[in-house]
Amino acid sequence: MSVRTTCPYCGVGCGIVATPTGERTADIAGDTAHPANFGKLCSKGTHLGETIGAEGRLLCPDIGGARTDWSTALARVADRFSKAIAEHGPNSVAFYVSGQLLTEDYYVANKLMKGFIGTANIDTNSRLCMASAVAGHVRAFGEDVVPCTYDDIDAADLIVLVGSNTAWCHPVIWQRIEAARATRGARLVVIDPRRTETADRADLHLAIRPGTDTALWNALLVHLRDSGSLDSRYLADHVATPEGFWNALSGDTTACDLAPADVAKFFALFAAHPRTVTLFSQGVNQSVRGTDKVNAITNVHLATGRIGTPGAGPFSITGQPNAMGGREVGGMATTLAAHLTFAASDRGVAQRFWNSPAIAPAPGRKAVEMFDAVADGTVKAIWIIATNPLVSLPDAGAARAALAACPFVVVSDCIADTDTGRLAHVRLPALAWGEKDGTVTNSERRISRQRRFLDAPGDARPDWWIIAEVAKRMGWADAFAWSHQREVFAEFAAMTRFENEGSRLLSVAEPDNYDAMEPVLWGDAQPFAGGRFPTPDGRARLIAVEPEAVVIDPAWPLRLNTGRYRDQWHTMTRTGLSPKLSQHRREPLVEVHPADAEALGVAADGLARVTTASGSSVYRVALHDGQRRGDIFVPIHWTDVTASLGRTGRLPSAARDPVSGQPGFKNTPARLEPVVTTWTGFLITRDAPGVPGCEYWTRVRTTGGWLTELAGSGDPAALEALLPAGERAEVSDQRRGMVRAVVLDQGRVAAALFIATDGRLPPRDWLIAQLAATEVMTVEVLAGRPAAQQADRGAVVCVCFDIGLNTIIAAIARQALTSVDAVGAALGAGTNCGSCRPALANLLASAALTPAGVGA
Ligand code: SF4
């Protein structure tokens, strides 16, 4: 039977129809009735069915790595937390949670920490993602309320994307933007230092110098004032303006390093289109001055009255599926719960509602501060739930050292082998997507149900149940006595309405039928319609914000930017299970401008080390003239489980925004240098291979097995230990430093190893396909190609239909294709999830059509 649920990845919050086809398999389709996506899904959502097997799951509780039962594990956690609190006070314990949690899970964790343990030491990985948007909203509007819905994108005449590679990171919103352009002629401006696939499609791309957004938005405000484009009536009636605000503004955009004509074009477009939506994402938030950037944007919308009306407003797009739900229940250390603050009156409301013994007196430690407190010994027991901070935190090396020395670490996760789980004293198996059941809130404030359609594997349990069971054992059985997640949601909804006479816009009705609950917005579609804001005087606030100074230290001449790939999610614990999703990018790449590469002596497809003050990591080099000179970009996805040295968390500093506490991942001073090895190679295996003992390796899933890229300077002969037992054939050429070996198991390829000192290695795709072949010619495998030569399809562009760059280029040229739809009709590419449509459009538009295929 089909089940309507919600995608577990990004904050778009697409509705999904999952139809089980076996014990751990399901067909996945977009939910045509869900207002977030109306049936569309991106590549990640489309291939969810490849990620729901039980492989790699944590299936039973363990203490010190030894299997145990739930009763023993829960008692151990409760005992150690209780003892720490009794001996060192409530501030000696902490929870670090996640935007992957359901609202019910989040609510229970927050209630336990802030209402019963009595400290606000609970923070979420959403701190790394959108804390600056939250802080900016509170400063400007008085409450963390997103002013827009996706319908406003449909109704906008001008869409401005700031710090967002929407085509890759929020692809269904991107499809909505493209539809608005096609049907209504909406104009698109992209403000991003990188020329991404999103920027490539824009009417105007402003490749701004990193960190200078505030200067641009302040200057826009000056231009709008000087050109008579402000809404004086709205300002007078609905906005509080600090004294001296207008005099302090500067119209100077020199720091942005943009062509004056482009700046003028942007300003003119903005002035000409009252229906303007400004979508912003991590490029704004992940900054040491992110809150100021958010307010620089909200200032412009408030001063022009472009808020609270259809097709207008500043719109923060969240990264995670339930970042918004966490904000609502108080999953962040800086809010109490249900949009209540730490003001005495709000604390009283929460304490009366919870009938709690000890309400948190003040904001708790934000993410980075929390791990600092672990490092200095203040926090003696930490519970990490549904997240992998040793990969995702900035200066993750320091976080790793802190956790290794922490007296008591609990990790709840659905995955067995994570960088963080390796340091846990107690591990608790949690349910994964498809097994758990509850609610999430997407970027537009729409609450949707995630529903169960798979049985729980092993002893895995819901996160809310695990936390409640620990709370009961800590002495608070009555307050945590729910028997079903519907009761938890009902309590959360009741809390939003408790003693709320309109002072808080967050107010959630209890659904008549939780099980059948339809997606529903909380608040009005236009929560600020009529210009009324949830501040004491009902007015929004202009916030005076100063541009960040641009400082280049000659010792660190480059700016490091980090971000996502189109087909991967966070640390790849789930998307990495999908062979199809793993084809788009098989290695972590450092993208560098060709002129910088030449100056630094790094070569395309070679290896290079990125070094910052925090650490260093090694990547494959991709030349990309869409990088600004002096800027480099690396992905966030690889970990110590999937790469020797590709963990990006080592690189950003722990410097963070003074208001929101969000780290500045997007602009870290860095160096880049070539890494020279004496040999390179790759290993293809049917089963997961062991860890290679060489200098460089990265690993991804492929159809039928695994691909491990290799490089080193030691004796590559040691790598043969990675080959499984079986019938082995080998060829070698000592003079060329070439070693090739294939292992057959019952006539089929079990593994193949290729090493060369001259860099000449065969293409991977045909060899990977041999893992599934039933008839194998050993001599062909050793040669790395079939006897009859086949065309190289190139890097995969369309993962749904496995279509490569060279195939598309050839079809465009041969068949004189001129549109994305024509490419789709000819090859099928782009006709399923649509995630590759921006890449197809760029290929059509590109005169160069180079096979490098980086494109973003
Ligand atoms: Fe999931 Fe893609 Fe929709 Fe995001 S855009 S919710 S990843 S299907």
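Thresholds, definitions, all that
- Residues numbered from 1 in each chain as written.
- Predicted model: local features only at pLDDT ≥ 70, side-chain atom pairs only at ≥ 80, totals over all residues.
- Heavy atoms only, no water.
- Helix = DSSP H or I, 4+ residues; strand = E, 2+ residues; numbered from the N terminus.
- Rg over C-alpha atoms; globule rule 2.2 N^0.38 Å.
- Buried < 20%, exposed > 50% of the residue type's maximum accessible area, 1.4 Å probe, protein only.
- Contact = heavy atoms within 4.5 Å.
- Phe/Tyr/Trp six-rings, centres within 6.5 Å; stacked < 30°, edge-to-face > 60°.
- Lys NZ or Arg CZ within 6 Å of the ring centre and 35° of its normal.
- Pairing = 2+ DSSP bridges.
- Axes fitted to C-alpha atoms, helices over the stretch in contact; angles between N-to-C directions.
- Domains from an automatic or database assignment.
- Buried area = accessible area lost by both parts, 1.4 Å probe.
- Salt bridge = Lys/Arg side-chain N within 4 Å of Asp/Glu carboxyl O.
- Nonpolar A, V, L, I, M, F, W, Y, C, P; charged D, E, K, R; others polar.
- Parallel < 35°, antiparallel > 145°, perpendicular 65-115°, else oblique.
- Left-handed = near helix turned anticlockwise from the far one by under 90°.
- pLDDT = per-residue confidence, 0-100.
- Near = heavy atom within 4 Å.
- Core = buried A, V, L, I, M, F, W, Y, C linked by side-chain atoms within 4.5 Å.
- Expected span 1.5 Å × (residues − 1).
- Disulfide = S-S within 2.5 Å.

*Asks:* Even after reading the chapter, I still don't get the overall build of the chain, so can you show me in this structure?
*Replies:* The secondary structure content of the chain amounts to 27 helices and 34 strands. For 856 residues, the compact-globule formula gives about 29 Å, and the C-alpha radius of gyration of the chain, at 27 Å, lands near that figure. When each of the 856 residues of the chain is scored for burial, the buried share is 63%. Taking contacts inside the chain between residues at least 6 apart in sequence as the whole, the part at least 24 apart equals 72%.

*Asks:* Whenever I open this one, the packing of aromatic side chains confuses me. Can you help?
*Replies:* The relative placement of two aromatic rings is captured by the distance of their centres and the angle of their planes. By the definition in use, this model includes 29 aromatic pairs. Here the aromatic residues Tyr107, Phe116, Trp354, Trp476, Phe480, Trp482, Phe489, Phe492 and Tyr514 are joined through ring pairs into a cluster of three or more. Across from the ring centre of Trp556, 4.0 Å away, lies the NZ or CZ of Arg671, which sits over that ring. In this structure, Arg699 is placed above the aromatic ring of Trp706, and the distance from its NZ or CZ to the ring centre is 6.0 Å.

*Asks:* So what exactly am I meant to see when it comes to the sheet that holds strand β26 (residues 668–675) here?
*Replies:* The strands making up a sheet associate through backbone hydrogen bonding, with each pair oriented either parallel or antiparallel. As summarised here, the arrangement of the six strands in space is β21-β25-β22-β24-β23-β26, forming a closed barrel in which the pairing is mixed. Going from strand to strand, the sheet's axes swing by 45° on average, the running direction of each strand aside.

*Asks:* Honestly, the domain arrangement of the chain in this entry has me stumped. Any pointers?
*Replies:* Interface size is often expressed as the accessible area that is lost when the parts come together. Assigned domains of the chain: these are domain 1 (3–51), domain 2 (62–128 + 322–522), domain 3 (131–316), domain 4 (558–675), domain 5 (679–783) and domain 6 (796–849). Between domain 1 and domain 2, the C-alpha centre-to-centre distance is 26 Å. Surface buried jointly by domain 1 and domain 2 totals about 1500 Å² across both partners, of which 54% is contributed by carbon and sulfur atoms. When residues of domain 1 are sorted by the area they lose upon contact with domain 2, Arg4, Thr6 and Arg24 head the list and together hold 33% of the total. For the salt bridge of Arg4 with Glu518, the shortest nitrogen-to-oxygen distance reads 2.8 Å. Counting only elements with at least two residues in the side of domain 1 that touches domain 2, the list comes to β1 (3–6), β2 (15–22) and β3 (25–30). If one sorts the elements of the side of domain 1 that touches domain 2 by residue count, β1 sits on top with four residues. Residues of the side of domain 1 that touches domain 2, tallied by class, amount to 12 nonpolar, five polar and three charged.

*Asks:* Got a minute to help me understand the sheet that holds strand β16 (residues 426–429) in this structure?
*Replies:* The sheet built from seven strands is open, its strands ordered β5-β4-β16-β15-β14-β6-β7 with mixed pairing. The two strands at the open ends of the sheet, each matched to only one other strand, are β5 (66–67) and β7 (122–124). Pairing analysis gives three bridges linking strand β6 (residues 93–97) to β7, with the strands arranged parallel. Each bridged residue has a counterpart across the sheet, and for Tyr96 the counterpart in β7 is Asp123. The sheet contacts of helix α3 (residues 103–117) involve β6 and β7, and relative to β6 the element is tilted by about 160°. On top of the sheet, helix α17 (residues 367–375) reaches β6, β7 and β14 (381–385); it is set at about 140° to β6, its chief contact.

*Asks:* Any chance you could explain the packing of helix α9 (residues 213–226) against helix α14 (residues 290–303) here in plain terms?
*Replies:* How two helices pack is summed up by the angle between their axes together with the distance between the axes. At their nearest, the axes of α9 and α14 sit 8 Å apart, and the two run at 15° to each other. Comparing the axis directions of α9 and α14 gives the class roughly parallel. The element α9 and its partner α14 pack so that their crossing is left-handed. Residues Asp213, Thr214, Trp217, Asn218, Leu220, Leu221 and Leu224 of α9 lie in contact with α14, whose contacting residues are Asp292, Lys293, Ala296, Ile297, Asn299, Val300 and Ala303. Residues belonging to the contact of α9 with α14 are distributed by class as follows: eight nonpolar, three polar and three charged.

*Asks:* Looking at this structure, I do not really get the pattern of salt bridges. What am I missing?
*Replies:* For side chains bearing opposite charge, pairing can occur when the charged atoms are close. Across all of its chains, the model carries 55 salt bridges by this definition. One salt bridge connects Arg628 with Asp631, and the closest N-O pair in it is separated by 3.6 Å. Looking at Asp631, the relative accessible area reads 5%, which means it is buried. Several salt bridges converge on common partners, so that one network encompasses Arg400, Asp419, Asp640, Arg647 and Arg650.

*Asks:* Can you help me understand the environment of Ala490 in this one?
*Replies:* Within the secondary structure layout, Ala490 lies in helix α21 (residues 485–497). Through-space distance from the C-alpha of Ala490 to that of Pro511 is 7.9 Å; in sequence the pair is 21 residues apart.

*Asks:* I tried to follow the confidence of the model for the chain on my own but got confused; where do I start?
*Replies:* Reading predicted coordinates in detail is not appropriate for stretches of low pLDDT. Taken residue by residue, the chain gives an average pLDDT of 94. The fraction at 70 or more is 99%. Overall, residues 847–856 carries pLDDT values under 50, and its contacts beyond four positions in sequence, including any with other chains, amount to 25 contacts.

*Asks:* What's the story with the site of the ligand in this structure? I'm lost.
*Replies:* Lining the immediate surroundings of the ligand are Cys7, Tyr9, Cys10, Val12, Gly13, Cys14, Leu41, Cys42, Lys44, Gly45, Pro171 and Val172. Looking at the shell around the ligand, the elements with two or more residues in it are α1 (43–46) and α7 (171–184). Across the shell around the ligand, the residue classes tally to nine nonpolar, two polar and one charged.

*Asks:* What is the right way to look at the nonpolar core in this model?
*Replies:* Side chains of a nonpolar character, in soluble globular proteins, are inclined to be buried together. Counting 117 residues, the largest nonpolar core has Leu216, Trp217, Phe266 and Trp383 as the members making the most contacts within it. A domain split of this core shows at least three residues from each of domain 2 (62–128 + 322–522) and domain 3 (131–316). Grouped together as the second largest cluster of nonpolar side chains are 67 residues, Val3, Ala167, Trp766 and Leu782 included.

*Asks:* I tried to follow unusual backbone geometry on my own but got confused; where do I start?
*Replies:* Comment: phi is negative for the bulk of residues other than glycine, and the bulk of peptide bonds are trans. In this structure, Met572 takes a positive phi of about 65° despite not being glycine. Owing to a relative accessible area of 8%, Met572 belongs among the buried residues under this scheme. If you check the backbone angles, Ala816 has positive phi at about 50° while not being a glycine. One can find Ala816 in the loop between α25 (805–815) and α26 (820–827).

*Asks:* What is the right way to look at α14 in this model?
*Replies:* A turn of α-helix holds 3.6 residues, and therefore any two residues three or four places apart point the same way. Under the 1.5 Å per step criterion, the end-to-end length of α14 is 20 Å for 14 residues, consistent within 8% with the ideal 20 Å. By the criterion of burial, α14 is predominantly enclosed, with 14 of the 14 residues buried. Note on α14: the residue one or two positions beyond its end, Gly305, has a positive phi of about 65°.

*Asks:* It is not clear to me how the state of the cysteines should be interpreted in this structure. Could you clarify?
*Replies:* Every disulfide links exactly two cysteines, by a covalent bond between their sulfur atoms. Counted by the stated rule, this structure contains zero disulfides. Here Cys800 is not cross-linked by a disulfide; its sulfur's nearest cysteine counterpart is in Cys833, at 3.7 Å.

*Asks:* Looking at this structure, I do not really get α9. What am I missing?
*Replies:* Look at α9: 20 Å from first C-alpha to last across 14 residues, which is about the 20 Å you get at 1.5 Å a residue. The buried fraction of α9 amounts to 11 of the 14 residues, a majority that puts the element mostly inside the structure. Among the residues of α9, Asp213, Thr214, Ala215, Leu216, Trp217, Asn218, Ala219, Leu220, Leu221, Val222 and Leu224 are the ones counted as buried. Looking at the residues trailing α9, positive phi occurs at Gly228, about 70°.

*Asks:* Looking at this structure, I do not really get the pairing of strand β13 (residues 313–316). What am I missing?
*Replies:* It is a general feature of regular strands that their side chains alternate between the two faces of the sheet. What you see with β13 is no split at all: Gly313 and Phe315 on one side and Pro314 and Ser316 on the other are buried throughout. With four bridges joining them, strand β12 (residues 276–280) and β13 adopt parallel strand pairing. Within the sheet, the bridge partner assigned to Val277 lies in β13 and is Gly313.

*Asks:* I keep staring at the side chain of Asp213 and nothing clicks. Help me out?
*Replies:* With respect to the secondary-structure elements, Asp213 resides in helix α9. A residue is classified by how much of its surface remains accessible, and Asp213, at 7% relative accessible area, is buried. Discounting chain neighbours no more than four positions away, the residues touching Asp213 are Val162, Ile191, Ile208 and Lys293.

*Asks:* Would you explain the pairing of strand β9 (residues 187–191) in this entry?
*Replies:* In terms of burial, β9 is a largely internal element, four of the five residues being buried. As judged from the five bridges shared by strand β8 (residues 158–162) and β9, these two strands associate in the parallel manner. In the strand pairing of β9, Val162 is matched with Ile191. Two elements, β9 and strand β10 (residues 204–206), share three bridges in a ladder whose sense is parallel. Within the sheet, the bridge partner assigned to Ile191 lies in β10 and is Leu206.

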